[in-house]
Structures are given as structure tokens and as C-alpha cells.
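Given next are the chains, with one letter for each unit.
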Amino acid sequence: MSKAVIRVAVVGHTNTGKTSLLRTLTRDNSFGAIADQASTTRHVEGARLMVRGRPVLEFYDTPGLEDSISLLEALEQIQHNSQQEWLEVIQEFVNSTQAHDTFAQEAKSLRQVIASALVLYVIDVREQVLGKYRDELDILIRTARPLILLFNFIDSSDAKTEQWQDYLSRVGLHATLSFNPLIIDAVAERKLFEKMRALRDELYQPLGEVIAELTRQRQRLRRVGLDIIIDFLLDSAACTVMCSKAVDFAAQQRALAEALEQREWRCAQELLRLHGFRSEDFKPEQILPDQTETAGIPLSLNAIKHLGLRSGGGAAKGAAAGLGFDVMLAGLSLGVGTAVGAGLGAAYTIRNQGVRLINKARGISELRISDNSLVLLAARQLALAQILLNRGHADPRPVKLSVEAIEHLQTILTDHLPEILATARLYPNWSALGRQFNGNSKRLEASKQQKELKAQLTEQLNTALDQIT
Amino acid sequence: MSISQRLLAEAVRYFERLSNQIIADETANQAARANGGEFEQRLINRAQALAVAEPIQAALQQWRSLTMACLALGLLLAMLAGITTARLALPATTEPLNFFWVLGSLLILPSTTLLLWLLLLLFQPRSSGQHSLGALGYSLVRRLLQRWHPDHTHLAAIQARTQLLNPAAGGHWALSGFSHALWLAYLTGSLIMAAFLLSVQQYQFIWQTTILSANTYTQLTELLAYLPALLGFTTPIADQISTGQGLAAASAWSSLLLGCIVAYGIVPRTILLLLCVVLRRRRLEQFHLDTEHPDYARLRAQLLPDIEKTGVIDPDEGIPEPEIRPPTRPAHQADRTGPIALLGLEIEQPHAGWPPLSHEDWLDLGLVVDRHSRRAALEQLSNTDPSQLLVVSSLALTPDRGLQNFLATLCQTTDAPTRLLLSQGQRLRDRNQAELIPQRLADWQKLAAAAGIDEQHVIAIDLDHLTAHSRTQLSQQLGLQATKPKRSPQACLDVAFELIIRHSQSWSGQPDTKAQSQLQQSIAQQFEHQPSNHLNLANLNKLKTHTSQALQDSAERWQQLLPLRLRTQPRWLAAGALAGACGCVAIAALTSPAAIATLPIWSALGSVLAAFKVNIDSESAPAQEIDLFEPVSAAALFALVLSLQGRDEHSITLILDQVLDEQTPQLPDTEAVRTWLATLQQRLNSVLAQEAA
């Protein structure tokens, strides 16, 4: 399967958003440099699209065309003198001294265009269809490469999309597509690849793989994002600090609130990294948009309850094991094994809750995050996940959570989330955060309950995410 | 990829889960990427390259040894149990033993458990291993290891191994196989002990019955003997069964006993054990890492990136920085005579019109947008000798080298000093890019300098929203006498207010739409010599085709001009709508009277106003006595806005905010109208005086 990698050149006038487009297509906000200025990109830089570790497509970001009117004049001059075909004229030009001098940028672009199987031409539709753009298209048409025209800034109030469409169709360019690099639009992206597939036969199969992979990638991102949030929620919900009211209660409370805040920040960081953003893209103060004062996360102080919930199950298991012994010894142990097994099983369960039982007797309380705060944390992280799923990597603004979205999510989540997470509260040792406070616990493994809980949470959060998108 | 490699990867995953963070080891990631392969292969390679791999491997090895030890112990115990059972079943006695009783003690248990297992396999194949002796042994190993090594590496190893007990990995076959092995040991122990006892002791085997016939027993024995006979064991013949006495018979009976243990105990268990081993092996071979598991998916970007950078392939060689040409000549405007050359560079016609200022002597080079218009402009410029050249371009455009080259050519073509005017700043603000303006201006200045234009000759004035102030500024820049209007806007307003008073005298009751329009038309005439108001111009084209829509738009637009606090007042809303709709007609009639005459304006106007009034009247109680507020305020508003025209809409609203009152007075007669208008004028004057200060 060693097929040649297909090269795609991204060209356009200066400052139309070529690098932005590539940042979003490659999900990498460190690709190239962007600024609202001419000649920000002055070199050719590429990114390879891989499917299962195999390169399929190479996108090349090129310097913007700036002086196409003079360039076309220069090309026409060469053509007039040599009477060659246009492609040869352009080739000759690219190798000429002029191409390293006045038209260095343009020559770099043209060199890539000639070396590519396909060309994406980016248009800033806020501009009129000026002569310079017409000349650029004129030159590109003469390179005889299949062209796809991408409309950027289509949502701007002064977008002249119709004008552009009208002109392009008059010069026979019909493969147009709107593309906003500030967002990840799965549909637009799919359309782009579909158009590329349609233009070149050899792209048909590999791009089909790319499209499938993109869908998978999106689902994966969503799933992993939810998983990150669920980890965080379990960590927070299960986190319990034992404290007696008399002794340094306030200090414990502060410490726990801080720890929870840090944990939330870590969750946000993981989400950012997952989606290919840097931690600078999200300011810590924005994580708590509704808490102007340093009130921290509200906590609740609960009396200990829920004891012995699992002892039934433990006894049954013990008894079953004991029965095995009885059977083995030909019934000679007369059921003693079964009885002993049941006892051991029950005792095993009690041991896990025993500490809590003793603490209860001692009048020590459990300090934990309140249900409302849990819902708020979940809402914030979900809102962040939702934004990141759709945020283009060319967006220079920092990520901002909307208070409305968080409030909406809170109302959605508040019905079931506390109920589901109540189970987690029974197992303080599920929380790595809690282990910080309470010392290490021996039983750490993912139990069946934890798995079930995670499944429930996934379902709940998925529904919530669907409702806000 | 072997199972132990996969196990390691799983153990590493559990380890990371336990320590609550993914190990960030770039060398390991790199090693995984370098070796290539599918994602699973890369995960394994990474796991192997991690520092934690070694202790985890050791832990896995410990598990293995412990399992082996436990298995050996289990087998030993099982064998002992088998021996004990055989010893109990064949006591040292000279009494004849009941053959079927002995056989039963030896085989009933293993056979029953076998039968149970088979039933379980039939009905619940996936849980056939649970609650078996194998599961018991496994949990023993786990507990032991956990007690001895309560650290994360061992825990991770245990969890990874535990995963192999899932039915998906053939775990039930493994646990069942373990059970079969134990029972096999038990049976082997029984067999050996039985064989030993039968070798060293003399037993008499009999059978007894109370309700069954002897014949049944014979048949039963023969049936029982069928399999052992096949395996080569001697079995009692019919005669021996019925009488059951004698040495030969005892030998045959004992041979049958051993044969039964082999045929009904050992052989099936052995077969099942082998089967379980084979099935487990096959399942293990099919065991793959769940690469879609979130824990692994988090590693995907590092190990199997969807994107790989190629790096820079055609580097920037450094474009020679454009040399800064000194301005070709000092700007001795005073010495120069001739027209002002005006050129629009890649812009649309500004709202202020083209040329944007009224001045007698423009040399219009046109709006240059492409190669041909460039050539034409250059040719025209080279043939004339203007006093100065004004190039108008846009702040919304990105200054590029093409523009720079053209500007440079322009500067070289003429001796006249060149100025660059950048319009459309508002457009950037509309795009929420206001913060970009200083940078953009600096870029333009740099470009202008490179083209040979003096930095002070680059000015940013928005020709789409030309204010009195910016108009003066522009005139000064161009060295023009600020074009004094024949009458100042103030004087025009005076006349307009006089007109309102005069018209209101002739009204008896509410004037109709036509009368109101005529008033506004005559007000508009007062401002005729001033540049037409962009607020209404926009609607004129539409007016010809979509009359009522255009009027409605205009009405809404004027309502938008009102400050927010007045927009909540129904009477002011009515005034705004009236001013807008009538004003639109008035201005249209002014600019192209002939065209307007053919349009069904009046009926349309009536219906539009009616539509607005329905909305408004429902909120305010209809006034019973004569109140001229509505037509007067509409006309006053119209006159006010016309006197303020040229400013941008926002500042008009600001001024209106200070001039107009929320309280809407009753205006029953001309005197009240006069007083009210005087108040308005006073306030306006003070606001404008403040502004000037």
C-alpha cells in the first residue's frame, strides 16, 4: 500500500486566512503564524494527514500572493516572448531570477501549485472581486490544477458572497465551499474532502479513509472528553475528609476546597490538551465565571450513613466459596465450610465500612463537596468540552465559557447527577484526591460498582451534551 | 505481539490509572512512533519503553510463580483428598463391601460436579468458570499478592491479569480448566489409593438389593462395564455378577472399580482439561488491546498522530526590505496650481459621494480596481499637472506589495505631492476589529513610506461616515477653504422650525399623511444644498421597486436613531416612524421628483403609517382633544436629524438623547408648538456649544 502522498497547496491573496485554515484542518494551533497583516507566512510549510500511521495527504501553506497584477504582466511578457504553453511559462518563471527577487513570495506559491495535485484557493469574501483577485485566479487557472475555492469570513456583515459566486461561475469555477476556520464544522470539512475526492480519482479511496477517520476521531474526542470529566467527577464526589468539628475544621475545609479547585483546573487542562489547545488558551479565572468572590467551592458536612450496604453480597460470595470446600471434602465438613465462608465474606465487607462506623461512633463528620457544587463542576467542564469540540484551532481569542450554557447544563444535570454520584460518595477510597487527605488505602481496584457508575455517568453526560449542541 | 506484551500494556494502563496520571515520557513515545505499526503495536512498544515496565514485568512474573505454587498446592491437596476418600471408601475390613456403595463414594462427587459444570456450560457458558474451584484459587492468589505487595505496580499487574479472566479472553475456560485439573488430581489420588488398597488387601465385593430384581443389577453392571471394558479392564461376566463369589470374581469386581474411576472420572476430566486448555489458548490469541478505550485514546495523539508536520520546505530567503524613498519633493502646495487629482484605490464609492468634497477643481482619476483602470489612471495622471494627488483607499484592506508598487508608480508619475486617505475605519469596527485599527494604520504608513509618501500625508478619515469635523479636517489637509454652506445647519433649522409653526397654523385637527409629507418635503428643501443624508439614500433604490417595504425600513431605521429611553415611549416611536416614512418620500421627491410622481407613494405611505399606528395606539390611550404632538414632533425630529446629518448615527443618537424629553407635551395650538420648539432649539444649541468646547 505504498501509494504516493497527494500534495495539496493552499494559496490565496495575503491575509485571507490560509494558515488559519490549515491550523483548523490539522487541529494544531501552533501551525505557522497568524496575524491580521500582510506577509505573515513567508515560507512554505506543510502538514501530513495520516490515517492509521500512513500518510495520505500533504497540505502546504504558502505565502500569500501580493502583487498578482504585476505578476500576470510579467508572465504575459514571458509568454509573449517565448510563445510557450502557459504551464511551461510558469515553470520558466519559477526558475528565473525574478522569482528569487521581486516575486519571491509569489514564486514560492506557484512552485507549490505546480508540484501539487490539487489547489485550495482561499477567498476573503468581505472584499470586492478586485482586479488583483481576478488576476490571481487567472494565473491559477493557467497552471491547469484542479481548484477548490474556499470562502472565508462568510458570516461577516459585509460579506459579498453572492458577488464572488457570480464572478466565479462566470469564469467556470464552480467548486466553491464556505469554510470558517474559527470553528470545527464537521459537515463543511466533510464537504471539503468530498469535493477533493470528486476532483481527482486517485484521491477517491484515500480520502474516503480520511473522512471515516475524521468521524471516528470526533467520536473518540467526545468519548475521551467525557471520560476525563467522569474521572474528575468521581474524584470529587468520592473525596471525603474526616474531621471533627472542634479541630481545625476551617483549615480542613479550605484545604479541601483548594484541592478541588486544583483538580478542576487539571481536568480543564486535560480537556484542552486532548483537543490540541494549549493551556494558555484558557484563563484560570474564566473557569469560575460566576464566583466573583473567593468563596471557593461550597462543601457540605454530612453525618455518616449508608453502612453495610454491600454485606449481603459479600456473605453470598463467601458462602459460595465455602460450599466449594464442602463439596470438595465430600460433604464431610458437614456445611461448616459454607457457614464459615459466609461469615468471612460478611466480615470482609464490614471491614471496608468499619472505619466509617467507628468514626461515626466517635462523632467525626465527613467533609465533602455538596451536590450543587458537583453539578456546577460537571456543568462547567461539560460546557468547556462542548466548546472545545467545535472550536477551530485558528481562533486567536481565549476560550470563554458562557454563563448561560453552564446554567442550562446545571438545570439538565441537577435532576439525575447527584443521585448517580451518591454511590461514589460511599467509596472514599475511589478518590485519589481523598487519598491525599486520608492516607493510602489498600483497595484501589476498579470494582463492578465503579464500572456501572461510570456507564451511568457516561449516559447522563452524553444526553446533556446532546441537549446543548 | 504476544499475550505477555499485551498484558504488560494493560498493566501499564492500570498503573497510570491508579497513579491518576498518564506517564509523560517523550522518549518512550518517540520509540513507539519510530517503530511504527498499528496503534496496538505502538501502545505495546511504548509500555515496554517506559521505566515502569520493569517492576511491572517483575510483578507479573511474581503473579505467575505464585499461581504456579498455588496450583501445585491445590493439586496436592486435591490428591490428598482423593486418597482420603479412597481410604474411607475401602476400609480395612474382611466384611464384604457393597460394590456400588464403594463406587458411589468414589465417583458420585466428581461426577455430580462434572454434571453441574456441563449443565452450567449448556445454559450459562460464560459464567461456567465462576464460583468454581479455579475462581477460588485465583482469588487466593490475588489476596496473597495484594497482602504482600500493596503497591501500585503489583496492583496494576493483578488488575491486568484479572482482565484475562473475562470470558472475552477465555477466562471461563481457564477457570474451568483449573477445576478439571484439581478434580483430575483428586481422581488420580483416589485411583492410586484404590489400586494400592486393592493390591495389598483382600476385599470381597457384593451387591445387595431389596426392591430391584437380580436381573436389573446384572444389566446395570454390564452397562457400567461397557466403557471400562473398551479401555481393556477386565469386567465381571454375567455369572460372576449374579453369584459374585470367588477370587476371580473379586478380581473382576476390583478391576471394574478401577476401570470405572478411569473411564468415568479420569478420562472425561482429562479430555475436558485438554479442551479447556486449547480453547483458552485460542481465546488468548484473539485477545487484543481495546484501542478505543479512553485510556488508550488519550495516548493516540502522541503515538499515532493524525497529523505530522513536514516542517518548512521552502524557507523564507528574506525579501529585501523595501527601501524607504524620501518623499520626492517637499509639499509646496502653495506654489502649485491646478486641479486636485483624485483616485480611489480598490474601494467602492464612499457614502459621502465621489468626489467626497464639493470643490470646483477635481481631476477625477476614477476608482481603480484592476489592471486596466490602473493603466488608464496612470496615463491620465501623466498627461496633467495637478496641484496634488489624493489617493483614497480603505483601512479594511490589507496593505500588500501590489498596492505599494502601484502607489510608488503613482508617485513617480507625478511631481505633485501625494496624500493617502484611508476610509472605512467604521467597517473594521463593524467587524469587531476596532483594536486592529492602530496596527493597520501603522502597516499602511509603512507601505506609504516605502512608496514615497510622507508619513504626515497618510490620513484616516471615514468617507462613509463623514462628519462636519472630519470634513473640515479633510479640507484643511487638502488646503481647501472649508466649503461654507450658504446657510449654516443652525440657520436651516431655524427656518425649518418656522415652517413647522406655519404649517401647524393651517391645520385644524390631525393633518393627513399628505400634509405631513409636504411639510417634511419643504423642510428637506431647506437642507438641499447640503450633502444628501446617507440615512435615507440607502432606501432610494428600493423605493422604486418595493415601495412599502422601503418605507417601512426607513421608519424602523429612524426609530433606531432614537435614544433607548425614548424608544420605550409609544408617542416617540410614532414620531420616529412618521419622520422616517415621510422623510423618505420627501427626500426621494427632492432628488428625483419626476420618478417619484409615478409611484403609488401616498397609498403606500398611508398603509405603512397605519401599520405603525396600530402597534402604537393600542398602547397609548387615544387623545380626545386636538393634539398636534405627533405631526409636529415627527417634523421636528426630521429637521433635527437633517441639521445633524454628516455625523455618524451613534453621535446623532447621543445628541438626540440630550435634546429630547421623555415627557411628551400636549400641543393643542400653535403657541404651544412654538414654545416647545424653542425649548428644543435651546437645548440643541447648548449641546453643540458644549461639543465645540
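It should be noted that the structure appears before, not after, this text.
Residues numbered from 1 in each chain as written. Chains lettered and ligands numbered in written order. Predicted model: local features only at pLDDT ≥ 70, side-chain atom pairs only at ≥ 80, totals over all residues. Heavy atoms only, no water.

## Looking at the overall build of chain B
Next up, step 1: The helix and strand tally for chain B stands at 28 helices and 8 strands.
Next up, step 2: Taking all 693 residues of chain B together, 51% fall into the buried category.
Next up, step 3: Pairs at least 24 apart in sequence give 79% of the contacts found in chain B among residues at least 6 apart. (Helix = DSSP H or I, 4+ residues; strand = E, 2+ residues; numbered from the N terminus. Buried < 20%, exposed > 50% of the residue type's maximum accessible area, 1.4 Å probe, protein only. Contact = heavy atoms within 4.5 Å.)

## Observations concerning the interface of chain A and chain B
Next up, step 1: Across the boundary between the two partners, chain A contributes 80 residues, which contact 70 residues of chain B.
Next up, step 2: Both faces considered, chain A and chain B share a buried interface measuring about 6400 Å² in area, 47% of it formed by carbon and sulfur atoms.
Next up, step 3: A:Arg220 serves as the salt-bridge partner of B:Glu292, at 3.4 Å between the closest nitrogen and oxygen.
Next up, step 4: Run the count over chain A and chain B and you get 35 residue pairs in polar contact (both at pLDDT 80 or more).
Next up, step 5: Within the side of chain A that touches chain B, the residues separate by chemical class into 25 nonpolar, 19 polar and 36 charged.
Next up, step 6: Relative to strand 3 (residues 307–314) of chain B, strand 2 (residues 44–51) of chain A runs antiparallel, the two sharing 6 bridges. Within strand 3 of chain B, the residue paired with A:Arg48 across the bridge is B:Glu308. (Buried area = accessible area lost by both parts, 1.4 Å probe. Salt bridge = Lys/Arg side-chain N within 4 Å of Asp/Glu carboxyl O. Polar contact = N/O pair within 3.5 Å; in protein donor to acceptor, adjacent residues only side chain to side chain. Nonpolar A, V, L, I, M, F, W, Y, C, P; charged D, E, K, R; others polar. Pairing = 2+ DSSP bridges.)

## Section: the sheet that holds strand 6 (residues 388–394) of chain B
All names here are of chain B.
Next up, step 1: Read across the open sheet, the 5 strands follow the order 5-4-6-7-8; overall the sheet is parallel. Single-partner strands in this sheet number two, and they are strand 5 (362–368) and strand 8 (458–460). Adjacent strand axes in the sheet meet at a mean angle of 20 degrees, parallel and antiparallel pairs treated alike.
Next up, step 2: Two strands pair when backbone bridges link them, and strand 7 (residues 418–423) and strand 8 are joined in this way by 3 bridges, in the parallel orientation. Each bridged residue has a counterpart across the sheet, and for Leu-420 the counterpart in strand 8 is Val-458.
Next up, step 3: Contacting strand 4 (340–345), strand 5 and strand 6, helix 13 (residues 371–383) crosses the sheet at an angle of about 165 degrees to strand 5.
Next up, step 4: Along the sheet, helix 14 (residues 401–413) makes contact with strand 4, strand 5, strand 6 and strand 7, crossing strand 4 at roughly 165 degrees. (Axes fitted to C-alpha atoms, helices over the stretch in contact; angles between N-to-C directions.)

## Digging into the sheet that holds strand 3 of chain B
Next up, step 1: Ordered by their spatial adjacency, 7 strands build an open sheet running 6(A)-5(A)-4(A)-1(A)-3(A)-2(A)-3(B), and the pairing between neighbours is mixed. A single partner strand is all that each edge strand has here, and the edge strands are strand 6 (176–178) of chain A together with strand 3 of chain B. Pairs of neighbouring strands in the sheet enclose a mean axial angle of 25 degrees, with direction left out of account.
Next up, step 2: The pairing of strand 2 of chain A with strand 3 (residues 54–61) of chain A spans 7 bridges and is classified as antiparallel. Looking at the pairing, A:Met50 lines up with A:Pro55 of strand 3 of chain A.

## A short note on the packing of helix 19 (residues 513–526) of chain B against helix 26 (residues 629–643) of chain B
All names here are of chain B.
Next up, step 1: Relative to each other, helix 19 and helix 26 sit at 20 degrees, their axes nearing to 10 Å. The orientation of helix 19 relative to helix 26 falls into the category roughly parallel. In terms of crossing hand, the pair formed by helix 19 and helix 26 is right-handed. Residues Gln-516, Leu-519, Gln-520, Ile-523 and Ala-524 of helix 19 pack against Pro-631, Ala-634, Ala-635, Phe-638, Ala-639 and Leu-642 of helix 26.
Next up, step 2: Here the contact of helix 19 with helix 26 is built from residues that sort into 9 nonpolar, 2 polar and no charged. (Parallel < 35°, antiparallel > 145°, perpendicular 65-115°, else oblique. Left-handed = near helix turned anticlockwise from the far one by under 90°.)

## A short note on helix 7 (residues 186–199) of chain A
Helical geometry note: an α-helix holds 3.6 residues per turn, so side chains three or four residues apart project in the same direction.
Next up, step 1: Here helix 7 of chain A contains 14 residues, and its C-alpha end-to-end distance of 20 Å stays within 8% of the 20 Å for a straight helix at 1.5 Å per residue.
Next up, step 2: Residues of helix 7 of chain A that are buried include every one of A:Ala188, A:Glu189, A:Leu192, A:Phe193, A:Met196 and A:Arg197, and no others. (Expected span 1.5 Å × (residues − 1).)

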